[in-house]
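# Examining the three-dimensional arrangement
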Amino acid sequence: MIRLNDIIDKTLSYYPDADPGLIQKAYVFSAKVHKGQTRLSGEPYLIHPLEVAGILCDMKMDTASVATGILHDTVEDTFVTIEEIEEHFGAEIASLVNGLTKISKISFGTAEEKQAENFRKMILAMAKDIRVILIRLADRLHNMKTLEYHTPDNRKKIARETLDIYAPLASRLGIDWIKIELQDLSLKYQNSKAYLDIKKQLALQTKEKEEYISEVNSIISKKLVEYGLKAKIDGRPKHIYSVYRKMKAQKIEFGQIYDLIAFRIILASIKECYEALGIIHTLWKPVPGRFKDFIAMPKLNMYQSLHTTVIGPHGRRVEIQIRTREMHRIAEEGIAAHWKYKEKGDIGNKYDEQFAWIRQLVEWQQDLKNPREFLETVKIDLFPDEVYVFTPRGDVKQFPKGSTPVDFAYSIHTDVGNHCAGAKVAGKIVTLRYQLKSGDTIEIITNSHQRPSRDWLKFVRTSRAKTKIKSQIKTEERENSIIIGREMCEKEFRKRNLNYAKLLKSDELQKVAREFSFQTVEDLIVEVGYGEISPRQIINKMLPPETVAEKTFEENDLTKLKETLGREGRGGVIIDGMTNLLVNFGQCCHPLPGDKIVGFITRGRGVTIHTLNCHNVAGVDPERKVKAKWRKEESLHPVQVKVVCEDKPGLLAAISNSFASMSINISNVQVKNMNHNKAVCVFLIQVKDLKQLDSVFSSIKKVKMVDSVVRLRKG
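Model, not experiment: these values are computed from the prediction.

Calculation notes
- Residues numbered from 1 in each chain as written.
- Predicted model: local features only at pLDDT ≥ 70, side-chain atom pairs only at ≥ 80, totals over all residues.
- Heavy atoms only, no water.
- Helix = DSSP H or I, 4+ residues; strand = E, 2+ residues; numbered from the N terminus.
- Buried < 20%, exposed > 50% of the residue type's maximum accessible area, 1.4 Å probe, protein only.
- Contact = heavy atoms within 4.5 Å.
- Areas by Shrake-Rupley, 256 points an atom, 1.4 Å probe, with all protein chains shown as cover.
- Core = buried A, V, L, I, M, F, W, Y, C linked by side-chain atoms within 4.5 Å.
- Axes fitted to C-alpha atoms, helices over the stretch in contact; angles between N-to-C directions.
- Parallel < 35°, antiparallel > 145°, perpendicular 65-115°, else oblique.
- Left-handed = near helix turned anticlockwise from the far one by under 90°.
- Nonpolar A, V, L, I, M, F, W, Y, C, P; charged D, E, K, R; others polar.
- Pairing = 2+ DSSP bridges.

## Quick notes on the overall build of the protein
When its secondary structure is counted, the protein shows 30 helices and 22 strands. In the protein, which comprises 715 residues, the proportion classed as buried is 50%. Considering only contacts in the protein between residues 6 or more positions apart, those separated by 24 or more positions represent 66%. When the accessible surface of the protein is totalled, it reaches about 35700 Å², and 49% of it is carbon and sulfur.

## Description of the nonpolar core
Judged by nonpolar contacts, the single largest core of 58 residues is most densely connected at Met 59, Ile 85 and Ile 93. For this core, the leading source of residues is helix α9 (residues 131–145), giving 8 residues. Leu 224, Ile 295, Val 310 and Met 327 belong to the second largest nonpolar core, which has 24 residues in total.

## Observations regarding helix α14 (residues 240–250)
The set of residues buried in α14 consists of Ile 240, Tyr 241, Ser 242, Val 243, Tyr 244, Lys 246 and Met 247. Elements that come into contact with the buried residues of α14 comprise α10 (152–172), α11 (176–190) and α12 (192–204).

## Quick notes on the packing of helix α13 (residues 206–226) against helix α15 (residues 270–283)
With their axes 10 Å apart at the nearest point, α13 and α15 run at an angle of 125° to one another. Relative to α15, the element α13 lies oblique. Here α13 and α15 pass one another in a crossing that is right-handed. Across the interface between the two elements, Ile 219, Ile 220, Lys 223 and Leu 224 of α13 pack against Ala 276, Ile 279, Ile 280 and Leu 283 of α15. Looking at the contact of α13 with α15 residue by residue, the classes come out as 7 nonpolar, no polar and 1 charged.

## Quick look at the packing of α10 against α11
Following both chains from N to C, one finds α10 and α11 inclined at 160°, their axes separated by 9 Å at the closest point. One way to sum up the angle between α10 and α11 is to call them roughly antiparallel. The element α10 and its partner α11 pack so that their crossing is left-handed. Every residue of α11 that contacts α10 at Arg 155, Lys 156, Ala 159, Arg 160, Thr 162, Leu 163, Tyr 166, Ala 167, Ala 170 and Ser 171 is listed here: Ile 178, Lys 179, Leu 182, Gln 183, Ser 186, Tyr 189 and Gln 190. Of the residues in the contact of α10 with α11, the class split is 8 nonpolar, 5 polar and 4 charged.

## A word on the sheet that holds strand β19 (residues 637–646)
In space, the 4 strands of this open sheet follow the order β20-β21-β19-β22, with antiparallel pairing throughout. Each edge of the sheet is formed by a strand with only one pairing partner; in this case those strands are β20 (665–673) and β22 (706–712). Taken over all neighbouring pairs, the strand axes of this sheet differ in orientation by 20° on average, direction set aside. Where helix α29 (residues 651–661) meets the sheet, its contacts fall on β19, β20, β21 (678–687) and β22, and the angle it forms with β21 comes to roughly 20°. Contacts between helix α30 (residues 690–701) and the sheet are confined to β19, β21 and β22, with β22 contributing the most and set at about 160° to the helix.

Here it is, written out as structure tokens:
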């Protein structure tokens, strides 16, 4: 059990200018208001806030934070008010206690929507003062250490939220030792059998590990001394949760894990770090793909180190981290290592980057009204497995593993993302689905006519990209639905001799909108366009029942929608012989004038045109199908053409010239080298109709060494 004097001594050891009187005052106040209270263990309640303050001292936090650790439960668990805290300890500590009191009421084991909304509040509290979450982490760590006194169900629930939320937060804040303790303790109560088995296996190897650590340590030390490098070397077994996670991820047994020991080499300068890396790689063979340079490209939480895995003595894998003393301090203490003990505990501007992800979460939570979407966003950003890529200007950007050029485009600007038509990596065109690799230099190709596709949501990884794509699609769907809904209402209102334009400006339609629980008439019209509400339902609210009953309608809502949509569409398509319709073309089959086509009504998007033999049309509700045919007009349509040819210099230029001779525009080209000196070229071109495409095929087939040319479509 930690005592008040221990806390004061610890604080003064790293912060000689600390105010011990403030800490003592907080202790006296807390002891008074918590008097008579006990924890589930039966111990006096005061032990808990003292232990939390002790953990904050281990984090080297400022005096206000340590005092708040002692006071953090006073408002929640006693009759003390925030006003009393402010009166006795000032506005700064009152603000911290208030933030912690609000967070303490958060329960993550509830329904998903409530869980997301609660986490939203915690993110906002973090953004206001990062110390709130640091104190909360200390509180959670001590609670996890005493979790055995809870019921089995509560233990699992608390352990689950610790593993899902608090351990990743500690990681993002760079406080590695807290993350490790939280993960191990969570596993202990989440899966006690696995925890005890791994702990037992590690204990059985203790003597062997100590001998191996001593051997490796001696070899590294002697070699570094030979080159004039003075270093501190630590060898340590991996912690229990990291072993468990590796066993699960690779589906292997404990005995199949060979890199159970990690070494840290701590030196004086960055130059020495790279020298040591070279020495290690001359000593032992490095494992391919296991080297990471976090010195040149630090993590978002400012973590810096060189990571490598080598085949060490006796053929065993050894993980080695090389860093400077300052880097080691930051790796151990995280964000608290940068704390500047100024008035109000400000942190220097130099470390603003560490808060960038928090500010982003705050920004996105304002855009995301759906709590589930917000929680998904948070989880993506709490579990990053990073890749580092470069902009054409040489700036480094960090992304989760699996990110694509679309993620990169949205990181630059929303408009760049919305109009992203392609990308180049190291000067070569890649698909939008291409997964970014560390070291790639990315250049985005934009097109003002390009719009986000729902398909993008299947492969983008970053929360920013997902949020912006959904927002843009929703905006476009709403605009389309307003047009469709308005036309449906105008037609139905005319049948009743009602003036839609006049009613639109009246209070009567606004009143109807409110009866349907919408704030505006526009929201009501959008739902009509979506097919959720029919124009007749609106009329029923406006006219007496006997008036409405005078006419019967045989058409169902879908038939009415067909009639409204039965207009001439954009892109030269006639729907059922009528005009003026929102038309989209299927991205699966890319229909061209000359193809046999059919349309079907798409929620919020008018009519989508497909080729008659497209597989996506087969399973569509017949009621949603509408007749469609091409109108005689000249407009351009995208089509993909695959050319298989010899892999010879100048052949791609010859094929491109063949397109140019027919005034065909090439929007994109991808080239893949195959075996046997063959190459596959996929061109995205713009043509008027099927007849022109046939002419293009004939022209390309005349190029020497072209084996075949075909039209690509998914349908």
